[in-house]
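Summary of the model geometry
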There are 2 protein chains.
Amino acid sequence: MQNKILKFDNAAIVASASVVGKWEKDGPLGEYFDLHDNTDKFGKNTWELAESEMQRLAFNIAMAKLSVSEQAIDALFAGDLLNQCVSSSYGLLDFDIPYFGLYGACSTAAESLMLASATVSAGYFKTAAAVTSSHYCSAERQYRSPVEYGAQRSPTAQWTVTGAGAFMVSGEGKIRITEGLPGIVVEKGISDASNMGAAMAPAAADTLKRYFQISGSSPSDFDLIVTGDLGIEGGSILCELLLSEGIDIRQQYNDCGAMIYDVKRQDKHAGGSGCGCSAVVMASYICPMLERGELKNVLFMGTGAMMSPSSIQQGQAIPAVAHLIRLSSQKN
Amino acid sequence: MQNKILKFDNAAIVASASVVGKWEKDGPLGEYFDLHDNTDKFGKNTWELAESEMQRLAFNIAMAKLSVSEQAIDALFAGDLLNQCVSSSYGLLDFDIPYFGLYGACSTAAESLMLASATVSAGYFKTAAAVTSSHYCSAERQYRSPVEYGAQRSPTAQWTVTGAGAFMVSGEGKIRITEGLPGIVVEKGISDASNMGAAMAPAAADTLKRYFQISGSSPSDFDLIVTGDLGIEGGSILCELLLSEGIDIRQQYNDCGAMIYDVKRQDKHAGGSGCGCSAVVMASYICPMLERGELKNVLFMGTGAMMSPSSIQQGQAIPAVAHLIRLSSQKN
């Protein structure tokens, strides 16, 4: 039974919004984001509050796109990377909406979309929101060292995206979420915290392989198979792992972390990462393409590294998880 | 629509298990717990790994009570208090089961039971598990200071329970979960991190008041209204807040944090707290009473303080959330 695909008969993304920082605005997808602040501060005096403010703004923009107020939203599924997920709890505090806090590391955007879809499709909620974020400066000082220290980065390191994405999930809409396959936590001995892509790739390979096995589908059934933030290093490992199992996704594959920056020009090493990475790329680039019918069938896998700085310091390897959702365009 | 009670037609706790440390074993409920270790270490050499081990053991015991192996469990809903929820991700890594990571601070036991019930009742999963934990020593050094420092505790401070609870949720069973009301995050200006009860009581009052309003029920419809870890201070504030609204729960009310220790003899100040507090009291004391029919109707509210040490240091007040589930005995 662990290999059951969740079927959602009535779930669709009816609005999405993104808020980003300066590097994301400066990147190849810069024109698509709804709002940006070149100071990355969003009017706040700590990076943590700036990240919370991005969530608040993204959720507000998504509501505005739907032309609804908070009374129309029945539940929030939210999470982020900060200790105790405070970006979400403070960022969404303004809203009188039932709140489900999630922690799936960088997979949280996909996890929140899956649980929003499951609860909406089952009729528990009419409209649920999925909101996630990350911020380069808050993440650096929590996971590594404050940016002011100017620490050297390894070539496999990824750059935490400064961004928040919000999705509204309701029963009917042009961007249908038809299926979900929750990830199983796997750990393959990678303990290099500067190489998250390598730690997460086996989890993505596990989920995708299970999906193809159970569904009977193959990579060619999709226009796009997109991971959240494996980056350039992790993405190539994923393709290799699957090739060794006889599955070739190279024609359809891309990664939000590889798409969001021009890594050479912007000096972003192995690409973007973070909860906000997949959230903003999905919200402002991929969802609109599904809405316009330019993409028909998309597999989106959020990928998360489930370690902490303490667990790394204590010599533990990095567990990872990858949650998959299937999106279909209803555009005729 | 924010005030909608979720109805679960097919959800029941079919097994539950608890693992605790020495103070919990020594407390008034000591005889009820399934397993304890007087060293609080569970054979591990860090407190964090000891907490993970408690989750693994609790989940294993719950499976043994059901006489099933991991193949019979379709999903894990899990969380804890440690940064990045590593107790859960490492503790449950052994199991090849789809994993949903949650963060609701000390409300996570109720949140996990609610989402497990929602997904099982909707038919997505046949059996889902809800697993949560906390550990005094890992929590102290992360949230306050390492226990070796011997810091003075204020009279309103609570003692983080060393314990893990696991619940198996399936469609049919003697302990039915019939309803859920997810909490709304509220913040009433409390910024004293040594008085979590006061920070969380308004959230509990908000959820409970909404529940009575929407359901049309009253406190006398229940044998027990139990909160997760408001403790003695927070519990009395909750009763006062509700009394001022004309709702008197004093006859039915108790709190897992007030029940788990003999606070005078054990010098535990305002009582127990933590994800593990409500998890082990529910798993090993209240659920068995429901199973035997000694309790018929119970409201359980998990209460969580959604701040972080950083947000407190930055001068923010403490947001809190309270998730409610309704449990009914099917014993004839």
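Here the structure is a predicted model, which is why all the values come from computation and not from measurement. (Residues numbered from 1 in each chain as written. Chains lettered and ligands numbered in written order. Predicted model: local features only at pLDDT ≥ 70, side-chain atom pairs only at ≥ 80, totals over all residues. Heavy atoms only, no water.)

A tally of regular secondary structure across chain A gives 11 helices and 14 strands. Taking 20 Å as the expected radius of gyration for a compact globule of 332 residues, we find that chain A reaches 18 Å, a close match to that expectation. If you line up chain A on its principal axes, its C-alpha atoms span 50 × 50 × 35 Å. Residue burial in chain A is summarised as follows: out of 332 residues, 67% are buried. Summarising the internal contacts of chain A: among those between residues at least 6 apart in sequence, 78% fall at separations of at least 24. Total accessible area on chain A stands at roughly 10700 Å², and carbon and sulfur atoms take up 45% of it. Separation between the mean location of the 25 positive side-chain charges and that of the 35 negative ones in chain A comes to 3 Å. (Helix = DSSP H or I, 4+ residues; strand = E, 2+ residues; numbered from the N terminus. Rg over C-alpha atoms; globule rule 2.2 N^0.38 Å. Buried < 20%, exposed > 50% of the residue type's maximum accessible area, 1.4 Å probe, protein only. Contact = heavy atoms within 4.5 Å. Areas by Shrake-Rupley, 256 points an atom, 1.4 Å probe, with all protein chains shown as cover. Lys, Arg positive; Asp, Glu negative; His and termini not counted. Charge placed at Lys NZ, Arg CZ, Asp CG, Glu CD.)

This paragraph deals with the relation of the copies chain B and chain A. Rotating chain B by 180 degrees about the axis while translating it 0.0 Å along that axis superimposes it on chain A, leaving an RMSD of 0.0 Å. On this basis, the relationship between the two copies can be described by a two-fold rotation axis. It is Leu102 of chain B whose C-alpha, among those of chain B, lies nearest the rotation axis, at 2.0 Å. Interface residue correspondence from chain B to chain A reaches 100%, placing this contact among same-surface, isologous pairings. (Least-squares fit on C-alpha atoms with pLDDT ≥ 70 in both.)

Further remarks concern the pairing of strand β10 (residues 224-227) of chain B. Residues and elements named next belong to chain B. The two faces of β10 match: Leu224 and Val226 on one face and Ile225 and Thr227 on the other face are all buried. Alignment of β10 against strand β13 (residues 297-305), held across 4 bridges, turns out to be parallel. Bridge assignment links Ile225 to a residue of β13, and that residue is Leu299. As paired elements, β10 and strand β11 (residues 253-255) share 3 bridges and run parallel to each other. Residue pairing in the sheet places Ile225 in a bridge with Tyr253 of β11. (Pairing = 2+ DSSP bridges.)

Next up on the list: the packing of aromatic side chains. Tallied over the full model, the rule gives 22 aromatic pairs over all chains. Seen in terms of ring centroids, Phe77 of chain A and Phe125 of chain A are 6.5 Å apart; in terms of plane orientation they differ by 70 degrees. Their pairing is edge-to-face. Taken together, the residues span a long stretch of sequence, with Phe77 of chain A in strand β4 (residues 75-80) and Phe125 of chain A in the loop between α4 (108-121) and β6 (128-134) at a distance of 48 residues. The class of Phe77 of chain A is buried, set by a relative accessible area of 0%. Measuring from centroid to centroid gives 6.2 Å for Phe100 of chain B and Phe125 of chain B, while their planes differ by 65 degrees, and the two rings are edge-to-face. Of this pair, Phe100 of chain B sits in strand β5 (residues 99-101) while Phe125 of chain B sits in the loop between α4 (108-121) and β6 (128-134), and the two are 25 residues apart along the sequence. For Phe125 of chain B, a relative accessible area of 5% corresponds to the buried category. Members of the aromatic cluster, joined through ring pairs, are Trp23, Tyr136 and Trp159 of chain A. Directly above the aromatic system of Trp23 of chain A lies the positively charged group of Lys268 of chain A, at a separation of 3.4 Å from the ring centroid. Here Lys268 of chain A stacks its cationic end above the ring of Trp159 of chain A, 3.7 Å away from the centre of that ring. (Phe/Tyr/Trp six-rings, centres within 6.5 Å; stacked < 30°, edge-to-face > 60°. Lys NZ or Arg CZ within 6 Å of the ring centre and 35° of its normal.)

Quick look at the pattern of salt bridges now. The full count for this structure, using the stated rule, is 28 salt bridges over all chains. Ionic pairing is found between Arg292 of chain A and Glu294 of chain A, a salt bridge with its closest N-O pair at 2.5 Å. For the salt bridge of Arg265 of chain B with Asp26 of chain B, the shortest nitrogen-to-oxygen distance reads 3.1 Å. A residue pair is termed long-range when its members are at least 10 positions apart, and Arg265 of chain B in helix α9 (residues 263-266) and Asp26 of chain B in the loop between α1 (22-25) and β3 (35-36) qualify at 239 residues. Accessibility expressed as a relative area gives 34% for Asp26 of chain B, which makes it partly exposed. Among the charged side chains, a network of salt bridges with common partners joins Lys7, Glu179 and Arg326 of chain A. (Salt bridge = Lys/Arg side-chain N within 4 Å of Asp/Glu carboxyl O.)

A word on the side chain of Asn195 of chain A. In this structure, Asn195 of chain A sits in the loop between β9 (175-181) and α6 (196-215). Residues in contact with Asn195 of chain A, not counting those within four places in the same chain, are Thr156, Ile190 and Glu233 of chain A.

With that settled, consider the interface of chain B and chain A. Tallying the contact residues gives 64 residues for chain B and 64 residues for chain A. Between chain B and chain A, the buried area comes to about 5000 Å², and carbon and sulfur atoms account for 61% of it. The tally of links from chain B across to chain A stands at 0 salt bridges. Our enumeration of links across chain B and chain A arrives at 30 residue pairs in polar contact (both at pLDDT 80 or more). Among the secondary structure elements, those contributing two or more residues to the side of chain B that touches chain A are β1 (6-7), α2 (47-66), α3 (86-91), β5, α4, α5 (136-143), α11 (309-313) and β14 (320-329) of chain B. (Buried area = accessible area lost by both parts, 1.4 Å probe. Polar contact = N/O pair within 3.5 Å; in protein donor to acceptor, adjacent residues only side chain to side chain.)

The subject of this paragraph is the environment of Pro202 of chain A. All names here are of chain A. Relative to the assigned elements, Pro202 resides in helix α6. For Pro202, a relative accessible area of 14% translates into the label buried. Distance in space between the C-alpha atoms of Pro202 and Ile237 is 8.2 Å, their sequence separation being 35 residues. Leaving out residues up to four positions away in the same chain, Pro202 has contacts with Val186, Lys188 and Leu241.

This part takes up the packing of α2 of chain B against α5 of chain B. All names here are of chain B. Two elements in contact, α2 and α5, have axes whose closest approach is 8 Å; the angle formed by their N-to-C orientations is 135 degrees. Comparing their axes, α5 and α2 come out oblique. When the axes of α2 and α5 are compared, the crossing they make is left-handed. Contacts from Trp47, Glu48 and Glu51 of α2 reach α5 at Cys137, Ser138 and Arg141. Residues that form the contact of α2 with α5 fall into these classes: 2 nonpolar, 1 polar and 3 charged. (Axes fitted to C-alpha atoms, helices over the stretch in contact; angles between N-to-C directions. Parallel < 35°, antiparallel > 145°, perpendicular 65-115°, else oblique. Left-handed = near helix turned anticlockwise from the far one by under 90°. Nonpolar A, V, L, I, M, F, W, Y, C, P; charged D, E, K, R; others polar.)

Unlike most non-glycine residues, Cys85 of chain A shows phi in positive territory, near 50 degrees. Relative to the helices and strands, Cys85 of chain A is located in the loop between β4 and α3 (86-91). On the basis of relative accessibility, which here comes to 3%, the residue Cys85 of chain A falls in the buried class. The backbone phi angle of Ser67 of chain B is positive, close to 55 degrees, even though this residue is not glycine. Tracing the backbone through its elements, the reader meets Ser67 of chain B in the loop between α2 and β4 (75-80).

Turning our eyes to something else, we now look at the nonpolar core. One finds Phe59 and Ile249 of chain A together with Phe59 and Ile249 of chain B to be the most contacted residues of the largest nonpolar core, which totals 137 residues. The next biggest cluster of nonpolar side chains, apart from the first, holds 108 residues, and it includes Ala11 and Ala110 of chain A together with Tyr124 and Val298 of chain B. (Core = buried A, V, L, I, M, F, W, Y, C linked by side-chain atoms within 4.5 Å.)

Attention shifts here to the pairing of β4 of chain A. Residues and elements named next belong to chain A. Within β4, 6 of the 6 residues are buried, which leaves the element mostly enclosed by the surrounding structure. Along β4, one buried face is formed by Ala75, Phe77 and Gly79 and the opposite face, lined by Leu76, Ala78 and Asp80, is buried too. Relative to strand β5 (residues 99-101), β4 runs parallel, the two being bridged by 3 bridges. Residue pairing for β5: Ala78 is matched across the bridge by Gly101.

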